[in-house]
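These are the residues of each chain, in order.
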Amino acid sequence: MRPTALDWSTENCTVARAMEVLGERWTLVVLREVFNGIRRFEEMREHSGMPRQVLTNRLNMLVEQGVLRREPYREPGERERHEYRLTEKGFDLYPVLVAVREWGDRYLADPAGPPVEMVHRDCGALVHTHLSCAQGHDVASPRQVATRPGPGALPRKGRAPS
């Protein structure tokens, strides 16, 4: 059976567009740092081990994309510097980071277990990603999900949609 997805163009694919922003390894490391409260360049560089120029490039790109914003600060006797704060667009990436961490914990953690746990501040229970449909039904498996063309779908060139 031929997948119907072959009838639709991928030229306006939002997954590909998102990966243009998030697809480089260091980008998620920067987001991990900011979500963990590390917002200053030198602290981020030291904690992550990221090369200075790579960190500069990633921070600039995330600011340009509207994921982070710069907030000026000045230590006494020092020049003005910037902290990097999440925007609403940045906060919306939190479930992505949790999902990547969960996958890494499951398949890539050391035998002793994961190095970090994310817990609910109110009760201390571990935080997990959870899929549900717009009607509130739990989605326990990718096999329970079907893909269909959305309102922005384009037919593949040379092929009429079926």
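Structure's up top.
Since this is a predicted model, take the numbers as computed values, not measurements.

Colleague: Requested: an account of the nonpolar core, with residues and values cited.
Modeller: Residues Val30, Leu31, Met44, Leu55, Leu59, Leu62 and Leu68 are the most contacted members of the largest nonpolar core, which totals 22 residues. Listing elements by their share of this core, those giving two or more residues are helix H1 (14-22), helix H2 (25-35), helix H3 (41-48), helix H4 (52-64) and strand E2 (81-86). Among the elements that make up this core, the one with the highest residue count is H2 (six residues). Once you skip the residues sitting within four places of it in the chain, Leu31 turns out to touch Leu22, Leu62, Val67, Leu86, Leu93 and Leu97.

Colleague: Explain a nonpolar patch on the surface to me, and be specific about the residues and the numbers.
Modeller: Residues Trp103, Tyr107 and Leu108 make up a contiguous nonpolar surface patch of about 400 Å² in total accessible area. Within the fold, Trp103 resides in helix H6 (residues 94-107).

Colleague: Go over the packing of H2 against H6, please, and point to the residues and values.
Modeller: Running from amino to carboxyl end, H2 crosses H6 at an angle of 110°, the nearest separation of the two axes being 11 Å. For the element pair H2 / H6, the angle class is roughly perpendicular. The segment H2 lies against H6, with Leu28, Leu31, Arg32 and Phe35 engaging Tyr94, Leu97 and Val100. Considering only residue class, the contact of H2 with H6 consists of six nonpolar, no polar and one charged.

Colleague: Requested: an account of the environment of Leu126, with residues and values cited.
Modeller: Relative to the helices and strands, Leu126 resides in the segment after H6. Spatially, the C-alpha atoms of Leu126 and Val139 are 19 Å apart, while their sequence positions differ by 13 residues. If we ignore the near neighbours within four places in the chain, the residues touching Leu126 are Glu117, Met118 and Val119.

Colleague: Tell me about H2, and name the residues and values.
Modeller: Three or four residues apart is the spacing at which side chains of an α-helix point the same way, because the helix has 3.6 residues per turn. Counting buried positions over the eleven residues of H2 gives eight, a clear majority of the element. Looking only at H2, the buried set comprises Trp26, Thr27, Val29, Val30, Leu31, Glu33, Val34 and Phe35. The distance from a side-chain oxygen at the start of H2 to the backbone nitrogen of Trp26 is 2.8 Å, and the residue carrying that oxygen is Glu24. In the segment just after H2, Gly37 is the residue with positive phi, at about 90°.

Colleague: Give me the side chain of Glu33: which residues, what numbers.
Modeller: For Glu33, the position within the fold is in helix H2. Only 2.6 Å separates the side chain of Glu33 from the side chain of His47, close enough to count as a polar contact. Not counting residues up to four positions away in its chain, the partners in contact with Glu33 are Ile38, Met44, His47 and Ser48.

Colleague: Provide a residue-level description of the pattern of salt bridges, including the pertinent values.
Modeller: Pairing of side chains with opposite charge becomes possible as their charged atoms draw close. In total, this model carries eleven salt bridges according to the counting rule given. For Arg2, the salt bridge identified is with Asp7, shortest N-O distance 2.8 Å. Classification of Arg2 by relative accessible area gives partly exposed; the value is 37%. A salt bridge links Asp105 to Arg101; the shortest N-O distance between them is 2.6 Å. With Asp105 and Arg101 both in helix H6 and four residues apart, this pair spans about one turn of that helix. Each of Arg40, Glu75, Glu83 and Arg85 takes part in one network of salt bridges that share partners.

Criteria and cut-off values
Throughout this description, residue numbers start from 1 for each chain and increase along the sequence as written. Local features in a predicted model are, by the rule used here, given only for residues with pLDDT of at least 70; side-chain atom pairs are given and counted only at 80 or more, and totals for whole chains, interfaces and linings are based on all residues. Think of the side-chain values as coming from all heavy atoms in the structure, minus any hydrogens and water. The definition of a nonpolar core used throughout is a set of buried Ala, Val, Leu, Ile, Met, Phe, Trp, Tyr and Cys residues joined through side-chain atoms within 4.5 Å. Here's how the labels work: a residue is buried when its accessible area is under 20% of the maximum for its type, exposed when over 50%, partly exposed in between, all with a 1.4 Å probe on protein chains only. Put simply, DSSP H or I for four residues or longer makes a helix, DSSP E for two residues or longer makes a strand, and each gets a number counted from the N terminus. In this analysis, two residues are considered to be in contact whenever any of their non-hydrogen atoms come within 4.5 Å of each other. A patch is a set of surface residues, each over 30% in relative accessible area and not in a salt bridge, joined within 9 Å for like charges and within 5 Å for the nonpolar side chains Val, Leu, Ile, Met, Phe, Trp and Tyr. Shrake-Rupley sampling with a 1.4 Å probe provides the accessible areas, and residues are treated as covered by the protein chains on show and by no other component. Salt bridge, as used here, is a side-chain nitrogen of Lys or Arg placed within 4 Å of a carboxyl oxygen of Asp or Glu. Axis definition: a line fit to C-alpha positions, over the contact stretch in the case of helices; interaxial angles, taken between N-to-C directions, run 0 to 180 degrees. An angle counts as roughly parallel when it lies under 35 degrees, as roughly antiparallel when it exceeds 145, as roughly perpendicular when it falls between 65 and 115, and as oblique in every other case. Nonpolar residues are Ala, Val, Leu, Ile, Met, Phe, Trp, Tyr, Cys and Pro. Charged residues are Asp, Glu, Lys and Arg, and all others, Gly as well, are polar. In protein, a polar contact requires one atom able to donate a hydrogen and another able to accept it; more generally it is a pair of N or O atoms within 3.5 Å, and residues adjacent in sequence count only if both atoms are side-chain atoms.

Nothing here speaks to function; it is all geometry.
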